[in-house]
Amino acid sequence: MSIHVTGNGGNGAEAPVKLTKKDFTSDQEVRWCPGCGDYAILAQVQKVMPELGLKRENIVFVSGIGCSSRFPYYMNTYGFHSIHGRAPAVATGIKAANPELSVWVITGDGDALSIGGNHLIHAIRRNLDINIILFNNRIYGLTKGQYSPTSEFGKKTKSTPFGVIDYPLNPLSIALAAEATFVARSVDTHVAHLQMVVERAMRHKGVSFVEVYQNCNIFNDGAFDMFTGRGVKDDRMIQIEHGKPLVFGKGHDRGIRIKDMHLEAVQLGSGLSESDLIVHNEKSPDSYLAYMLARMEYPDYPVPIGVFRDVEKPTYENLLEEQIKSAIEKMGAGSLEKLINSGDTWVIK
Amino acid sequence: MESTTILNNVEDRHIEELDTVTIRFAGDSGDGMQLTGTQFTNTSAVIGNDISTLPDFPAEIRAPAGSLPGVSGFQLNFSSQDIRTPGDQPNVLVAMNPAALKVNLADLESGGILIVNTDAFNEANLKKAGYQSNPLDDGNLLQSYRVFKIPISTANRAALREEVNIPMKEIDRCKNFWALGLMYWLYDRPMAPTLTWIESRFKKTPEVAKANATALRAGFAYAEAAEIFTTHYRVKRAVIAPGKYRKITGNEATALGCVAASQLAGRPLLYASYPITPASDILHELSSRRNFGVKTIQAEDEIAAVCAAIGASFAGNLGVTGTSGPGLALKAEAIGLAVMTELPLVVIDVQRGGPSTGLPTKTEQADLLQAMFGRNGECPVAIVAPATPGDCFHMAIEAFRIATRHMLPVIYLSDGYLANGAEPWRLPEISELPEFKVTLRTEAKGVFHPYERDPDTLARPWAVPGAIDLEHRIGGIEKQDITGNVSYEPENHMHMVLTRAEKVALIAEDIPDLEVFGESSGRVLVVGWGSTFGSITSAVELMRERGMAVSSVHLRYLNPFPKNLGDIIGRFDRVLVPELNLGQLAMLLRARFLVPAVSYPKVKGKPFKISELIAKIEEIYED
């Protein structure tokens, strides 16, 4: 039997014409609230897909439960809307079964970090070549407004009329602690940046984890306006780029340096220049810098977006395939007859 | 050897022929009793006896040495007859320490052979076992059984000390082989199979190999020379159907069945599982089958395991997960997802004593209703259950055949007794195995509808990612029939609930009719399922030999039932349902067929004894 598992169209000829955004749009009516940040993310993903040169039939979107998890229904690819929190586990099975597929996990802060926290960590540490996009709106939307694991301490929600008393999780910290080989963050409204991040996530061989700040205009409207707003974003956010010093501010006059093992936001000039700032290195084999950057939060620091980490490591599915290959080389392709007849046998006449 | 106590009159020793012998080896969990029992079993099988075994070990890996919870036992029944159970009552008990004696003595038949390692009967061990005085000095004990007091540890040390260069602690660990050698002489077994096994098992440590081999030979020689046994015994070859055999446990056969299903279906196997007793051996076995293209994933938890298997099925592999009762509970929601998405999925549940953690190493059949109903919503699945260790092979194949042909999850109910118990298994020819080539949908034929249905089975097509123009979305939200679009429409939901139920019901057209063991009508019909097959069949056979109108049927398909079950039940005055639970199948039979089925429950972590079943059948026979 054939050991290598591919779908039936996996090795077909190249698509004669370049696909467009429309080719990735399904015939299903989109059912998110008008004004939801999810629309923007869907549009960017549909737009990036043709650029990636993937065949539509080789793409699978997997999701759990929550507003964001409706996403696969709107992509004209293969899709699996699974159960709450389990999308990374379903995706693990899909990718392990057929490594040729481009597998995407669409999840939210509740889905990925609360009910599915365990699966997220383990899918990441296995380094399957899958792309996980976490829509972080810091609230439970589909269940109508309870606090989520990323909600701010003290926040009043339907289930916390006296304020949240759980301390929030930082999704990037979790991903880095689980040794993610690609970690990035973007914002639903930063169209070009989001496209760039999604494209790089896809091109990364290994697990990609992308947090997208996404506005829930019904239950948590303006959650990120404090730093993503048009007038303030240059001063309150920083775009990190590989090999470049960490500069931000409207006038490119501020930066991040390291002092006494801590990051410090400083004003350039008066003795401080770009050469005093940290130069971002997303390729660093350890994740210390990425971790420190990921911990920067407004108002103490500008909020960082961009690629925090991008390193190479063998993927789970390739290691699995290699074990199969080498087992066949060593033992020969399995024969059922031999297997049944193995061990101590005896004959009764 | 001068310390040997000779309890029997030494006369000329002779060989006595026996039909059937049941031996129980018992000792501390560090004494290697499972290994000793397994070796005795293998040798007995190879020389042509019929065999059946019951390993009985503690949940603790190493409970305190010498303690009662630390006692590990291995019972085997070997015979020149056709046997189906590990024996009701041991004829022979080998007790390596006082705790083993205390735990097992009550089971030994009156007048049975008791072999004890006197070296272990010291003050400390007696105290740990809760003995006030040494039971070996008790006159009653000596009168009730044929007791052989043997200083096994001393004799083992004496035999090995000069021969091998390993520490005394290691020498002491060989005493189970010494005891095995003694038992080989007593029951006239050849040492060769075990010597060969030792050689290959300890290839890398030749000194340990030599020590174990020397201990085995020394035990054998001791029994032969010491003249403590007046008799030794022979159990002739059994008359067994011709063919090639091997010894197999249920877990081995289940794993083998999974590999076979993959080969027969022409689809790769992906087994995702979280370690759990008593199912873990299936994961071990399958993880070494990479050269069959078998992919195994040790998942982070039970839920991830079933979800990965579902993902694999979605991608066109044979997705399978294995667990025990607590894991099945955790997988419930995901099994519902597979029901909703109508994907093939096999869920192996090797049942153990429950609820909660329960009795992890003991057997039970109390997950039947969990398998039937343990999910939210109207969520039917197919259920199969192997009857014997060897049958695990065939029923595992059946599970995949049904799952792929009918596009739904199948729960496969094994249990601890089948999983670890062994029997001789006649190797099937590949040509005897069922054909079930699986075909994936590869062409859209117009607009592709993921929920269009096969008119015979109502199964939807299996279209997997990679196939051009078959892109579609599935999920746990209710789907419109045919198109597979999300639908909250009331009539559609009713229709889909009925359709999913009908899909399971239609499997009845695709499974064999039940065969009645005995006459097709009569006074009492015994209805069993799963691992109770051996005890029930043996009990019914014995009662039939006494001229009683008793028959039995054994269910290997539990949902749906075979089509002729109701008809068979109607032809008997009484229906008795023995189960290792509080009457779960009985409840289903009463509900389905409106018959006053009598439940005979047992939940002690142990299988039925033949004698218990006979007593119960007699009771309702006369009612």
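Residues numbered from 1 in each chain as written. Chains lettered and ligands numbered in written order. Predicted model: local features only at pLDDT ≥ 70, side-chain atom pairs only at ≥ 80, totals over all residues. Heavy atoms only, no water.

**Student:** Mind laying out the sheet that holds strand E12 (residues 345–348) of chain A, listing which residues take part and the relevant values?
**Tutor:** On the basis of which strands lie adjacent, the open sheet formed by 3 strands has the order E12(A)-E9(B)-E16(B) and antiparallel pairing. In this open sheet, the two strands that pair with only one neighbour each are E12 of chain A together with strand E16 (422–426) of chain B. Each strand of the sheet is rotated relative to its neighbour by a mean of 35°, with strand direction disregarded. Two elements, E12(A) and strand E9 (residues 243–249) of chain B, share 4 bridges in a ladder whose sense is antiparallel. Directly across from A:Val347, in E9(B), lies its bridge partner B:Lys244. Together, E9 and E16 of chain B form the strand contacts of helix H10 (residues 250–265) of chain B, whose direction differs from that of E9(B) by roughly 110°. (Pairing = 2+ DSSP bridges. Helix = DSSP H or I, 4+ residues; strand = E, 2+ residues; numbered from the N terminus. Axes fitted to C-alpha atoms, helices over the stretch in contact; angles between N-to-C directions. Contact = heavy atoms within 4.5 Å.)

**Student:** So what's going on with the interface of chain A and chain B? Residues and values would help.
**Tutor:** If you look at the interface, chain A gives 67 residues, while chain B gives 77 residues. Summed over both sides, the interface between chain A and chain B buries roughly 6,000 Å², with carbon and sulfur atoms accounting for 63% of that surface. A per-residue breakdown of the area chain A buries against chain B is headed by A:Tyr78, A:Trp346 and A:Ile348, which together make up 15% of the total. Viewed at the interface, chain B and chain A are joined by 3 salt bridges. (Buried area = accessible area lost by both parts, 1.4 Å probe. Salt bridge = Lys/Arg side-chain N within 4 Å of Asp/Glu carboxyl O.)

**Student:** Can you break down empty space enclosed by the protein residue by residue, with the values?
**Tutor:** One way to see where empty space is left: roll a probe the size of a water molecule over the atoms. All names here are of chain B. Going through the model one piece at a time under the given rule, you end up with 3 cavities of 30 Å³ or more. If you go around the largest cavity, the residues you meet are Leu54, Pro55, Asp56, Thr361, Lys362, Thr363, Gly416, Tyr417, Asn420, Gly605, Lys606 and Pro607. Among the elements of the structure, strand E3 (50–56) and helix H16 (416–420) are those that each provide at least two residues to the lining of the largest cavity. Tallied by class, the residues present in the lining of the largest cavity amount to 4 nonpolar, 5 polar and 3 charged. Reported here for the second largest cavity is a volume of approximately 40 Å³. Along the walls of the second largest cavity sit Val339, Glu342, Pro380, Leu408, Pro409, Arg500, Lys503 and Val504, which together make up its complete lining. (1 Å grid on protein atoms, 1.4 Å probe; cavity = no way out; pocket = protein on both sides within 12 Å on 5 of 7 lines; lining within 4 Å. Points joined across faces, edges and corners; volume = space filled by probe spheres on them. Nonpolar A, V, L, I, M, F, W, Y, C, P; charged D, E, K, R; others polar.)

**Student:** Any details on the domain arrangement of chain B? Residues and values, ideally.
**Tutor:** By a widespread convention, an interface's size corresponds to the accessible area lost as its parts come together. Residues and elements named next belong to chain B. Split into domains, chain B comes out as domain 1 (14–235), domain 2 (246–432) and domain 3 (522–622). Computed from C-alpha coordinates alone, the two centres of domain 1 and domain 3 are separated by 36 Å. In total, domain 1 and domain 3 occlude about 720 Å² of area from one another, counting both sides; carbon and sulfur atoms represent 48% of this. For domain 1, the biggest contributors to the area lost against domain 3 are Arg84, Thr85 and Asp88; these three give 76% of the whole. At the junction of domain 1 and domain 3, the tally comes to 2 salt bridges. (Domains from an automatic or database assignment.)

**Student:** Just give me the short version of the environment of A:Thr77, but keep the residues and values in it.
**Tutor:** Relative to the assigned elements, A:Thr77 resides in the loop between strand E1 (59–63) and strand E2 (78–81). Non-local contacts of A:Thr77, meaning those with residues more than four positions away in its chain, are made with A:Phe24, A:Arg56, A:Ile59, A:Phe61, B:Glu471, B:His472 and B:Arg473.

**Student:** Summarise unusual backbone geometry; cite the residues concerned and give the values.
**Tutor:** Peptide bonds are mostly trans, and most non-glycine residues show a negative phi. Residues and elements named next belong to chain B. Here the amide bond leading from Thr277 into Pro278 is cis, since omega sits at 0°, within 30 degrees of zero. With an omega of 0°, the peptide bond between Gly354 and Pro355 qualifies as cis. Among the structural elements, Pro355 can be located in the loop between strand E13 (345–351) and helix H14 (368–373). Of note in this structure, Asp188 is not a glycine but carries a positive phi near 55°.

**Student:** Give a description of the confidence of the model for chain B that names residues and reports values.
**Tutor:** Here chain B averages 94 in pLDDT, while 98% of its residues score no lower than 70. When the criterion is pLDDT under 50, residues 1–11 of chain B qualifies, and its contacts beyond four places in sequence or with other chains add up to 17 contacts. (pLDDT = per-residue confidence, 0-100.)

**Student:** Run through the pairing of strand E9 (residues 254–259) of chain A, naming residues and quoting values.
**Tutor:** All names here are of chain A. Of the pairings in the sheet, the one linking strand E8 (residues 247–248) to E9 comprises 2 bridges and is antiparallel in character. Bridging from a neighbouring strand, Phe248 pairs with Arg254 of E9. Connecting E8 to the antiparallel partner E9 that follows it, the hairpin turn spans 5 residues, and Gly249 within it adopts a positive phi of roughly 100°. Where E9 lies against strand E10 (residues 262–267), 6 bridges are found, and the strand directions are antiparallel. Note on E10: the bridge partner recorded for Ile258 is Leu263. Taking the residues that link successive antiparallel strands as the turn, the E9-E10 hairpin has 2 residues, and the phi of Asp260 there is positive, at about 50°.

**Student:** Break down the environment of A:Glu297 for me, citing the residues and quoting the values.
**Tutor:** Residue and element names in this part refer to chain A. Within the fold, Glu297 resides in the loop between helix H9 (288–294) and strand E11 (303–310). Given a relative accessible area of 46%, Glu297 falls into the partly exposed group. Residues Glu297 and Phe227 lie 70 residues apart in sequence; the distance between their C-alpha atoms is 9.9 Å. (Buried < 20%, exposed > 50% of the residue type's maximum accessible area, 1.4 Å probe, protein only.)

**Student:** Kindly report on the environment of B:Gly327, identifying the contributing residues and their values.
**Tutor:** Among the secondary structure elements, B:Gly327 is positioned in helix H13 (residues 325–341). If near-sequence neighbours (up to four positions away) are discounted, B:Gly327 is found in contact with B:Ile276 and B:Glu302.

**Student:** Tell me what's going on with the side chain of A:Asn131, and back it up with residues and numbers.
**Tutor:** All names here are of chain A. Tracing the sequence through the fold places Asn131 in strand E4 (residues 130–136). Polar side-chain contacts of Asn131 include one of 3.5 Å to the side chain of Ser208. Each residue touching Asn131, except ones within four places of it in the same chain, is listed here: Ser102, Val103, Trp104, Val105, Ala201, Met202 and Ser208. (Polar contact = N/O pair within 3.5 Å; in protein donor to acceptor, adjacent residues only side chain to side chain.)

**Student:** Residue-level account of the packing of H10(B) against helix H11 (residues 280–287) of chain B, with values.
**Tutor:** Residue and element names in this part refer to chain B. Direction vectors running N to C along H10 and H11 enclose 45°, while the axes themselves pass 9 Å from each other. Viewed along their axes, H10 and H11 adopt a mutual orientation that is oblique. The two elements H10 and H11 cross, and the hand of that crossing is right-handed. Note on element contacts: H11 touches H10 through Asp281, Ile282, Glu285 and Leu286, opposite Asn251, Glu252, Thr254, Ala255, Cys258 and Val259. Of the residues contributing to the contact of H10 with H11, the split by class is 5 nonpolar, 2 polar and 3 charged. (Parallel < 35°, antiparallel > 145°, perpendicular 65-115°, else oblique. Left-handed = near helix turned anticlockwise from the far one by under 90°.)

**Student:** Go over the side chain of B:Thr296, please, and point to the residues and values.
**Tutor:** Assignment of secondary structure puts B:Thr296 in strand E11 (residues 295–298). For B:Thr296, a relative accessible area of 6% translates into the label buried. Here the side chain of B:Thr296 touches B:Arg290 through a polar contact of 2.9 Å, side chain to side chain. Excluding anything up to four places from it in sequence, B:Thr296 contacts A:Tyr316, A:Leu320, B:Tyr271, B:Leu283, B:Leu286, B:Ser287 and B:Arg290.

**Student:** Tell me about the domain arrangement of chain A, residues and numbers included.
**Tutor:** Residues and elements named next belong to chain A. Entries for chain A in the domain assignment read domain 1 (21–238 + 281–333) and domain 2 (245–279). The centre of domain 1, based on its C-alpha atoms, is set 29 Å off from the matching centre of domain 2. Each partner contributes to the interface: domain 1 provides 12 residues, whereas domain 2 provides 15 residues. Contact between domain 1 and domain 2 buries roughly 1,100 Å² in total, counting both sides, with carbon and sulfur atoms accounting for 68%. The largest per-residue losses of area from domain 1 upon contact with domain 2 belong to Asp235, Ile238 and Met292, which jointly make up 42% of the total buried on that side. Our count for the contact surface shared by domain 1 and domain 2 stands at 5 residue pairs in polar contact (both at pLDDT 80 or more). Sorting the residues of the side of domain 1 that touches domain 2 by element identifies helix H8 (233–236), strand E7 (237–240) and H9 as the ones contributing at least two each. The dominant element in the side of domain 1 that touches domain 2, judged by the number of residues it contributes, is H9, at 3 residues. For the side of domain 1 that touches domain 2, the class distribution of residues is 8 nonpolar, 2 polar and 2 charged.

**Student:** Residue-level account of the sheet that holds strand E19 (residues 550–555) of chain B, with values.
**Tutor:** All names here are of chain B. Judged by pairing direction, the sheet is parallel, and its 4 strands sit side by side in the order E19-E18-E21-E22 without closing on themselves. At either end of the open sheet lies a strand with only one pairing partner, and these are E19 and strand E22 (598–601). Pairwise comparison of adjacent strand axes, ignoring direction, gives a mean angle of 25° for this sheet. Pairing between strand E18 (residues 522–529) and E19: 6 bridges, direction parallel. Opposite Gly528, over in E19, you have His554 as the bridge partner.

**Student:** Please provide a residue-by-residue account of a nonpolar patch on the surface, values included.
**Tutor:** All names here are of chain A. Nonpolar side chains collect at one region of the surface, where Phe153, Ile165 and Tyr167 lie side by side and expose about 420 Å² of accessible area between them. Structurally, Tyr167 is set in the loop between E4 and helix H5 (171–177). A residue is classified by how much of its surface remains accessible, and Tyr167, at 66% relative accessible area, is exposed. (Patch = residues over 30% accessible without salt bridge, like charges linked within 9 Å, V, L, I, M, F, W, Y side chains within 5 Å. Areas by Shrake-Rupley, 256 points an atom, 1.4 Å probe, with all protein chains shown as cover.)

**Student:** Describe the confidence of the model for chain A, listing the residues and the values that go with them.
**Tutor:** Scored by pLDDT, chain A has a mean of 93; 95% of the residues are at 70 or more. Ignoring residues within four places in sequence, the model shows residues 1–15 of chain A, a span with pLDDT below 50, making 41 contacts including any to other chains.

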